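Reading the structure
So you can see what is in the structure, the chains are spelled out below.
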Amino acid sequence: MASWLASVVKELGNWVGAAAVQKLVDMGMESHLSKHRQPVDSKAALKRVETALPKIKAVMGVAEALKMKDPSTHTRNWVQQFRDAVDAAEDVLDELKYKELENMVQKQNQGDLVCEGSSSVSKKRKTCAITISDDILERLEEAVAMLDEATVGLEELRQRAKELGIHYLSESQLEVRTNLTRETTSFLSERKVFGRDAEKAQIISWLKRETEAPLSSFGIVGVGGLGKTTLAQSVYQELSRTSYFQETIWVCVSTEFSVKVITVKILGELGEECKDENPLNILQQRLEAKIQSKKILLILDDVWEDKKMGDWEQLIAPLRYAQQGSKILFTTRQKSVADLLARVISIEHESLPLKDLKEQELRLLFNSYAFYSFNPDEYGDLQAIGDQIVKKLHGSPLAAKVIGSLLNSHMDPYFWRRISSHDSLINSQQANNVMEVLKLSYYNLPGDLQVCFRFCSIFSQDHDFFKEDLIKMWMASGFLGQQSWEEQRPEDIGEDYFNILLRKSFFEVSKIKGQGYYVMHDLIHELATNVSEGECCRVGRNDKSIYIPSTIRHVSVHESQIQKVSHLKNIRSLVITTIGEQQDKTVPKFFVLLNNLVIKSLRLLKIHANRCCKLQEEVSYLVHLRYLSIYIPYPLFQYIIHAPIYKLYHLLVLEVIGSEDSEIETTGMANLVNLRYIRFPNLIIKTICGVHMMTSLHEFTFFVGPESGHRINELCTLNNLRSLDIYNIENIRDPSEAASANLLGKENLQSLQLICTPHETNLNNPEQILDNLQPHQNLMELAIRGYKGQRFPMWMMGEMPLLNLSTLKLHQCPYLNNLSSFGQMTSLKELEIYNCPNMDKLPDMPLSLTKFRVHDVGLTALPGLSVHTSTMLPQKSFLRFVYISRCPNLITLNGFLHQDTVQLHGLEDLGITNCENLAQLPMHAFTTCLSLKNLFIEDCPNLTWLPCLPHSLISFKIDGIGVSALPEYFHSFGSSGGPSPSSFIASSIEKIDIWNCPNLISLNGFLEQENIEFRAINEFWVVNCENLIQIPKGGFSKFVSVNYLDIRDCPKLVAVDNHNTLLPSKLRELCMNNCGELDVPLMESSSRLTTLTQLAIFNSPNITRIPSTENVFGSLSKLEIGNCPKLIEIELSLMRQTHNVDRVSNFASLKINFLSIDELALLLIEPLRSLRSVSHLFVSYCSMIDTQRVEQWLLQNSSTLRELTIWNASTLRSLPAAMARLTSLEHLTIQRADLLVELPELPASLKTREIKSSDGADKF
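Here goes a summary of the coordinates provided. What you see is a predicted model, and the numbers here were worked out from it, not measured in a lab. (Residues numbered from 1 in each chain as written. Predicted model: local features only at pLDDT ≥ 70, side-chain atom pairs only at ≥ 80, totals over all residues. Heavy atoms only, no water.)

Some remarks on the sheet that holds strand β5 (residues 349-353)
If you trace the five strands from one edge of the open sheet to the other, you get β2-β3-β4-β1-β5, paired in parallel fashion. In the strand order of this sheet, the two ends are held by β2 (247-254) and β5, each with one partner. Sheet twist, expressed as the average angle between the axes of neighbouring strands with direction ignored, equals 15°. The pairing of strand β1 (residues 215-221) with β5 spans five bridges and is classified as parallel. Looking across to β5, one finds that Phe 218 is bridged to Glu 350. Against the sheet, helix α17 (residues 335-345) contacts β1, β3 (296-303), β4 (326-332) and β5, and its axis sits at roughly 175° relative to β1. (Pairing = 2+ DSSP bridges. Helix = DSSP H or I, 4+ residues; strand = E, 2+ residues; numbered from the N terminus. Axes fitted to C-alpha atoms, helices over the stretch in contact; angles between N-to-C directions. Contact = heavy atoms within 4.5 Å.)

Structural data, given as structure tokens:
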């Protein structure tokens, strides 16, 4: 039996899905029939199939090409017929294997079988003879007959291929040579952007153009694959580094247009975490509060919706309250989207129809992929062929990237010429059909990779998927070939497959979630949907009339559409989601349906719900199931699983994620002998008993308990573990019991955590117990937490070093003394020590270290770095990140920062906090730190001096230290060895924070250093420096890029004479609070700025007026004033002298929309008196003033005022009678309104009203 199937697998290649056929061989049809019986009819059927093999060979490799050129469905029908036969045979054999597993588990539970021992040598699990029913054997014979029938049409297909000019190719010509090693290591995560410079400049120029429109939009329009998203990303990255927009927001919209979902995404980009179960009104209120008075740039990528104008208007509504000049940039394939958005915005809109990439630029892009890791000059013949291919790609960047990636794996002229002459390229030149080019790359993938790629079509467009999750799904679906699982893990095979698809540009790193998450370009996703037609299907919430053929094997469906897939009996993968629906505590309908359905062939079941989840006994009938995942992200909702999951013997992955209070029946869970991954809440997973039977586990969290079935010896047989966390090691009775876990024999173990309950003191012999928990030397990551011993385990210092250890974490080890040596840990990259107060010394660390973090440790000095004594030259360290906090005994930072034999060229971050006795840094601490970007030193009051800084610094923060002067930069030297006064050095610093430095007198040091240009600083904070007298000479104007300046609680600052050079000309936000004599100069200087959008003035007793010249505060949109007593006193006095006659206003053009004041009387003085566009008014205290003038002010802002808040209305007796005329007012809040006894008529526009007395009670 196996012989003919093996031949079919070899000859069909990627035609019908070799992985599926191969499984029949792997599962051993021949052995099953020989073990039980082999009917004569089956032998005859096999003979007929073997006779057809020559015909199969004759059409080998042409079926997929035939499908590309032949519009008929004959080929597809034949493939489907063969797949049905294979699936039927596979199901039967899978049931046979299930019976064997069931019988084996029963015998193990009865003690008739001995479990695998502690040897690290892998052993095959014993099989048990079973009785096979006639029904199963009959179905097996039927499956063989179906395979026989499927071979009948082979000759006809071969003739049809010949008519279309598709000829037989030899195996060597057809072979796709895939070098897995190079494919997995040559991926370049970031590519250079080629071309589009003119388009980028045009977009940025338009976005920066000053406009009176409150909101305007710009659309990038073009067919798929032209690089719209890449261009938008390039614009985003450049503008996010500048100060022009205060908020730069990126949202991927995609085909599912939901106002609520997009609003949640925008809020998430603004740092406001919220869930889409909140009412839209609340979400939009939060969005309005986040963006009010801010100039924002919102980029909407991949927009499709071009019909629902009402939805667009609803989405845009809160964005209109952003500052004037805010912009929307969007990308779309459809001009109709741009036209619709132009009507919604209705003021200012422009579109850029994106054209083909120029041939020269396309060639550079193509070559960067086609010749990656090769020298193009050594492949002149391929360059010439490549030039011809580029001409046929019709300016499509995506096609150049995909075809270049394809050719990169086949560096031979024959293959390149074959691709160059392929009809798909010719057609794409004529019709600009990029999809045909993408299909060409797809059809050149090996068969197993095609299956894996097609499966990805069940994800929604722009779905971010986690690599490890996808590989597990592939594994459970049987795409990773069981034939080599004894030699290579399926996870490793999946990793290889994934990296090939990544390298060939079918996947790309998610720009939203980043490392570990991936996404498919929308055209690639469209390709997956196209080539998986009839095999995979995705049914969304709004897919009311979608047709679902019975051939579907893998389906993703929204709960509301679950009935549409209820007729499918051969589903292999089912993904159900309810995200986006209003959550409640009822059990979703699909669970009721699922519990009544018996989808006999199901291998994968993944449920992503936002409500209660309940699985009943019927789930245990899914005997083929390999993957079961239930995810409920909301902790308030439980899942209840009373189904006997322990009967699902084929399970490889079991994940149930949600509330700790959920109910899962774990009795018998150890029967899942094939399970590789299990993930439950800790309170549930600790109840699993007898895990020694689960010998296939790769990852596990184990809780040591005193009861049988929970002792540490349960781990003895789990030799396939890759990751293991052991909690409650205080429950290990003695060292000999610890040794019974056999950690030393687990040569596959890569990550180990040993955790003792932090406050548990009953651990006996902790040192000896930890000695006997020695892992294998292959271990890569080790964490020890809550250890109560005084010394390190012997295996960290003995003759069997952990040569492969890359990460070591020691947490909450209160009695642990010093480690004498790191031994031969030459691979150590990360060292983290937390809460080890008794450890006052560390040995020299290996040069391989990249990250060093200590917190609450008794160190008196930093360790050094181990160097090779065989050389006298300074050695390069790989150290990149150093964080030191709460080390009260640390006096000086010597160690590796003061080590002449080590160069710290790679150090990027250095943070020192809460080291109260630190008094000194080495004089040349940063001499070799040529890459240092972030330096922060906090709460080190005895540190009175800092060494010179490197020019690479981007962020500089000091907080709570005793310095009296700022440090300088390293000096630049000319050719003579002395300073070069004629040369200027551009500082890289972008942010400066100076907080709580009581001894600091002057902002000198590097800020006043000659020959330094500051063009990158965005933020500048000077806070609570009580003895600070002087700002930098010449003021802040030389920091030309500063957009945010905050000076507060520096009461001794002296005034400066030249107000014109005090502030940077591009400043956008200024906060001045208790600035001594500098407050008046700051006010005068700020009034002249044309870019200032936000101004906050607090505790400024010297300010007596606001400048009244023309065009002051021309861009101001947000103004806050508090505790400026002379401002009110003098202005009111002046009003009395003029007998309340209105003076001529110079502020008619002022456009402030957010106003916060501490006294209502401030509304009576200029410039506030003349305001006419305020949308949000906040008043701290409502004093007795001229109510008639206040009412007049409210009425002149009636068309814009949306929110009115008074925090202290203790003297307020009534509201203005004209409140009803405030026709735009939506939110009214009044606190401490004890004297307010009645309300006038309020406007019909009001949405929320909150009026409370001092005790918090509602007044009305």
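Re the pairing of strand β30 (residues 934-940)
In the sheet, strand β29 (residues 909-913) pairs with β30 via five bridges, with the strands oriented parallel. The residue of β30 that forms the bridge with Asp 909 is Asn 934. As defined by bridge partners, β30 adjoins strand β31 (residues 955-961) across six bridges and the pair is classed as parallel. Residue pairing for β31: Glu 938 is matched across the bridge by Asp 959.

Thoughts on the side chain of Ser 885
As for its placement among the helices and strands, Ser 885 is situated in strand β27 (residues 881-885). Accessibility expressed as a relative area gives 14% for Ser 885, which makes it buried. Of the polar contacts made by the side chain of Ser 885, one reaches the side chain of His 855; its length is 2.7 Å. In this view, Ser 885 contacts Val 854, His 855, Asp 856 and Thr 913; residues no more than four positions away in its chain are not counted. (Buried < 20%, exposed > 50% of the residue type's maximum accessible area, 1.4 Å probe, protein only. Polar contact = N/O pair within 3.5 Å; in protein donor to acceptor, adjacent residues only side chain to side chain.)

Here's the deal with the nonpolar core
Core analysis: the biggest nonpolar cluster contains 214 residues, and Leu 654, Ile 726, Phe 852 and Leu 1177 have the highest contact counts within it. Tallying contributions element by element places helix α7 (residues 74-109) first for this core, with four residues. Counting 70 residues, the second-largest nonpolar core is a separate cluster that includes Leu 382, Leu 398, Leu 445 and Phe 506. (Core = buried A, V, L, I, M, F, W, Y, C linked by side-chain atoms within 4.5 Å.)

Points about the side chain of Gln 1094
One can find Gln 1094 in strand β38 (residues 1094-1098). Classification of Gln 1094 as buried rests on a relative accessible area of 10%. In contact with Gln 1094, other than residues within four places in its own chain, are Gln 246, Ser 293, Lys 294, Arg 1068, Glu 1069, Leu 1070, Leu 1116 and Lys 1118.

What to know about the sheet that holds strand β7 (residues 508-509)
Pairing in this open sheet of three strands is antiparallel, and the strands run β6-β8-β7 from one edge to the other. Of all strands in the sheet, those bounded by a partner on one side alone are β6 (465-466) and β7. In terms of strand pairing, β6 meets strand β8 (residues 517-519) through two bridges, oriented antiparallel. From the neighbouring strand, Phe 466 faces β8, where its bridge partner is Tyr 517.

Looking at the packing of aromatic side chains
Evaluation of the coordinates by the stated rule reveals 34 aromatic pairs. Between Tyr 442 and Phe 453 the ring centres are 5.8 Å apart and the planes differ by 45°, which places this aromatic pair in the tilted class. Of the two residues, Tyr 442 is situated in helix α23 (residues 434-443) and Phe 453 in helix α24 (residues 447-455); the sequence distance between them amounts to 11 residues. With a relative accessible area of 0%, Phe 453 lands in the buried category. Each ring, one from Phe 1020 and one from Phe 1039, has its centre 5.5 Å from the other, and the planes form 45°; the classification is tilted. A residue pair is termed long-range when its members are at least 10 positions apart, and Phe 1020 in strand β35 (residues 1019-1023) and Phe 1039 in the loop between β35 and β36 (1044-1048) qualify at 19 residues. For Phe 1020, a relative accessible area of 0% translates into the label buried. By the ring-pair criterion, three or more aromatic residues cluster together here, those being Phe 956, Tyr 969, Phe 1006, Phe 1014, Phe 1020, Phe 1036 and Phe 1039. If you follow Lys 327 out to its NZ or CZ, it ends over the ring of Trp 206, 5.0 Å from the centre. Looking at Arg 1202, its charged tip hangs above the ring of Tyr 321, at a distance of 3.7 Å from the centre. (Phe/Tyr/Trp six-rings, centres within 6.5 Å; stacked < 30°, edge-to-face > 60°. Lys NZ or Arg CZ within 6 Å of the ring centre and 35° of its normal.)

A word on the pairing of strand β33 (residues 991-995)
Sheet topology places β31 next to β33; five bridges connect them, and they run parallel. Within β33, the residue paired with Phe 956 across the bridge is Ile 992. Pairing geometry for β33 and β35, over five bridges, is parallel. Residue Trp 995 lies in a different strand from β35, and its bridge partner there is Val 1023.

Some words on the environment of Leu 749
Turning to its location among the elements, Leu 749 is positioned in the loop between α30 (735-739) and β21 (751-755). Its relative accessible area of 2% is what places Leu 749 among the buried residues. As for Leu 749 and Asn 719, which are separated by 30 residues in sequence, their C-alpha atoms are 8.0 Å apart. When near neighbours in sequence (up to four residues on either side) are disregarded, Leu 749 contacts Leu 721, Arg 722, Ser 723, Leu 724, Asn 778 and Leu 779.

Thoughts on helix α15 (residues 280-291)
Helical periodicity: at 3.6 residues per turn, an α-helix aligns residues three or four positions apart in one direction. For α15, which comprises 12 residues, the first-to-last C-alpha distance of 16 Å matches the rise-based estimate of 16 Å (1.5 Å per residue) to within 8%. Of all the positions in α15, only Leu 280, Leu 283, Gln 284, Leu 287, Glu 288 and Ile 291 are classed as buried. With its buried residues spanning 140° around the axis, α15 presents them on a single face. If you follow the buried residues of α15, they end up packed against α14 (259-269), β3, α16 (309-316) and β41 (1176-1181). Of the residues trailing α15, Ser 293 is marked for its positive phi of about 65°. (Expected span 1.5 Å × (residues − 1). Arc of directions from axis to C-beta.)

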